[in-house]
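Given next are the chains, with one letter for each unit.
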Amino acid sequence: MSERIPVMKPWFGPEEAEAAAEAVASGWVAQGPRVAAFERAFAERLGVADAVAVSSCTTALHLALIAAGVGPGDEVVVPSLSFIATANAVRYVGARPVFADVDLASGNLTVETVDAVRTAATRAVILVDQGGVPADLDAMRGLCDPLGIVVVEDAACAAGSTLRGRPAGAGASFATYSFHPRKLLTTGEGGMVTVDRADVGARLRRLREHGMSVSAADRDAADRGGAAPVLETYDELGFNYRMTDVQAAIGLVQLGRLDAMVAKRRGFAERYRKALSGLPGARLVEDPAFGESNFQACWLLLDEDFPVARDELLGRMSAAGISGRRGIMAAHLEPAYADVAHVPLPNTERLTRDSLILPLFHQMTEEQHDRVVGALYAAAGLTVPEPAGVLS
Ligand SMILES: *Cc1c(COP(=O)(O)O)cnc(C)c1O
């Protein structure tokens, strides 16, 4: 029996283990110099004013909404079709999530779907780059900027994706990233907020560390320099949303692998596209006209006439030793959001019901890739027309 094929797997070499061990040996394991270095490298890579490392993308979204001035009485437009953290962050600040539908091809909000649900109380939109597919931030800002609505880009899945040649998230006032192992670049748990203003970055740094005016790392540096002790003040309600230096050490190595990760994923996505072109009734997610995806989630949308239903297909794949996953969830269908009134969300419901995420990871072999393709054809009662060929 061949080995079970996972849906995703982090790509680590000995370098990550060495970097983590060095952080431990240094004695500085909490937020310190490696977090600062990771932030600088991330900001440089994206070409943004500042990047602030935090404990997850969920906490990144929470802080971004606070810094965007969103609070009780405000409405925030979000896609229901997203990991539930997107909508939860809105409730953390006491605001109301308002669900808008998504485009069927990209899984992302559009100007039209947001325009249809905005009201005088709309304070922000969380624009998700679903599964790594870049959303059209430029068009969304074209709608929102003149209305004073802040666009927060939830780029949790989109490190390495591009929008009109720029890194996804780089054009946003706030963009948030996840370093959970289901995403490309991972630090175990971890997140980042990128911003277009240095003063906003400074406030986010205070908010992630209890609202403290001076970070523990800066206080330590002053102590070592023999300067007079720096006394911190607490100027507003803050949080402990810090990343550790052990995580940041791993993140720095992972950031250096990002281009290779994206190239490999795009190659395998293209190989799926060719191999599945003879499979009727199924559509693989693709790049939008204005950008390139990192294929964080390489999803397949089944037409209504596909021979088997999505859950049955996942079951058959599982029996063949292949882990797929249901497509992106829809928050409005979960009990936690049963009390939220919403407009009809037909594309959201279709995508969450009829799509599945195919295995795709850096170390995947062509033989494993062929097995996934074979299982999909077998489920449709067909044989694979021709071998998919080598990965170019
Ligand atoms: C994964 C994900 C999150 C949450 O990320 P964490 O780092 O696990 O908190 C938020 N939004 C989207 C769109 C995600 O895919």
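Residues numbered from 1 in each chain as written. Predicted model: local features only at pLDDT ≥ 70, side-chain atom pairs only at ≥ 80, totals over all residues. Heavy atoms only, no water.

A. Quick peek at the packing of aromatic side chains. Summed over all chains, the structure comprises 6 aromatic pairs. Both rings, one in F38 and one in F42, keep their centres 6.2 Å apart while their planes meet at 70 degrees; by these two values the pair is edge-to-face. Of this pair, F38 and F42 both sit in helix α2 (residues 33-46), 4 residues apart, which is roughly one turn of that helix. F38 sits in the buried class, given a relative accessible area of 0%. Consider the rings of F42 and Y177, whose centres lie 5.1 Å apart with planes at 70 degrees: the pair is edge-to-face. With a gap of 135 residues between them, F42 in helix α2 and Y177 in strand β8 (residues 174-178) connect regions that are remote in the sequence. Across the pair, exposure class does not vary: F42 and Y177 are buried alike. These aromatic residues form a ring-pair network of at least three members: F38, F42, Y177 and F179. In this arrangement the basic side chain of R257 is found over the ring face of W11, its NZ or CZ atom lying 4.8 Å from the centre. (Phe/Tyr/Trp six-rings, centres within 6.5 Å; stacked < 30°, edge-to-face > 60°. Helix = DSSP H or I, 4+ residues; strand = E, 2+ residues; numbered from the N terminus. Buried < 20%, exposed > 50% of the residue type's maximum accessible area, 1.4 Å probe, protein only. Lys NZ or Arg CZ within 6 Å of the ring centre and 35° of its normal.)

B. The arrangement of the site of the ligand in detail. Near the ligand there are 15 residues, and of these C57, T58, D154, S178 and K183 occur at the shortest range. With respect to the ligand, the side chain of T58 contributes an N or O atom lying 2.5 Å from an oxygen atom. Contacts to the ligand include S178, whose side-chain N or O atom sits 2.7 Å from an oxygen atom. Grouping the constituent residues of the shell around the ligand by class yields 6 nonpolar, 7 polar and 2 charged. (Near = heavy atom within 4 Å. Polar contact = N/O pair within 3.5 Å; in protein donor to acceptor, adjacent residues only side chain to side chain. Nonpolar A, V, L, I, M, F, W, Y, C, P; charged D, E, K, R; others polar.)

C. The arrangement of the domain arrangement of the protein in detail. Considered domain by domain, the protein is made up of domain 1 (14-255) and domain 2 (258-391). Taking only C-alpha atoms into account, the centre of domain 1 sits 27 Å from that of domain 2. Facing 41 residues of domain 1, the contacting portion of domain 2 comprises 41 residues. Between domain 1 and domain 2, roughly 3400 Å² of surface is buried when both sides are summed, and carbon and sulfur atoms account for 61% of that area. At the boundary of domain 1 and domain 2, one finds 2 salt bridges. The salt bridge partner of R45 is D259, with a shortest N-O separation of 2.9 Å. Across the domain 1-domain 2 interface, the total number found is 22 residue pairs in polar contact (both at pLDDT 80 or more). Elements with a minimum of two residues in the side of domain 1 that touches domain 2: α4 (85-92), β3 (96-100), β6 (162-163) and α9 (245-275). (Domains from an automatic or database assignment. Contact = heavy atoms within 4.5 Å. Buried area = accessible area lost by both parts, 1.4 Å probe. Salt bridge = Lys/Arg side-chain N within 4 Å of Asp/Glu carboxyl O.)

D. Quick look at unusual backbone geometry. Here R164, not a glycine, exhibits a phi torsion of approximately 45 degrees, which is positive. When you line up the elements, R164 lands in the loop between β6 and β7 (166-167). What makes R164 partly exposed here is its relative accessible area of 44%.

E. Quick peek at the environment of T186. Within the element layout of this structure, T186 appears in the loop between β8 and β9 (191-195). It is 32 Å that separates the C-alpha atoms of T186 and A222, two residues lying 36 residues apart in sequence. Residues contacting T186, with those up to four places away along its chain left out, are P10, F12, F179, H180, P181, I250 and Q254. One polar contact links the side chain of T186 to the main-chain carbonyl oxygen of F179, over a distance of 2.7 Å.

F. Quick look at helix α12 (residues 366-379). Helix length check: α12, at 14 residues, gives a terminal C-alpha distance of 20 Å against a target of 20 Å (1.5 Å per residue), a fit within 8%. By the burial criterion, the buried members of α12 are Q368, H369, R371, V372, V373, A375, L376, Y377 and A379. In the core, the buried residues of α12 are packed alongside α9, β12 (299-302) and α10 (310-319). Of the residues flanking the end of α12, it is G381, one or two places downstream, whose phi is positive at about 75 degrees. (Expected span 1.5 Å × (residues − 1).)

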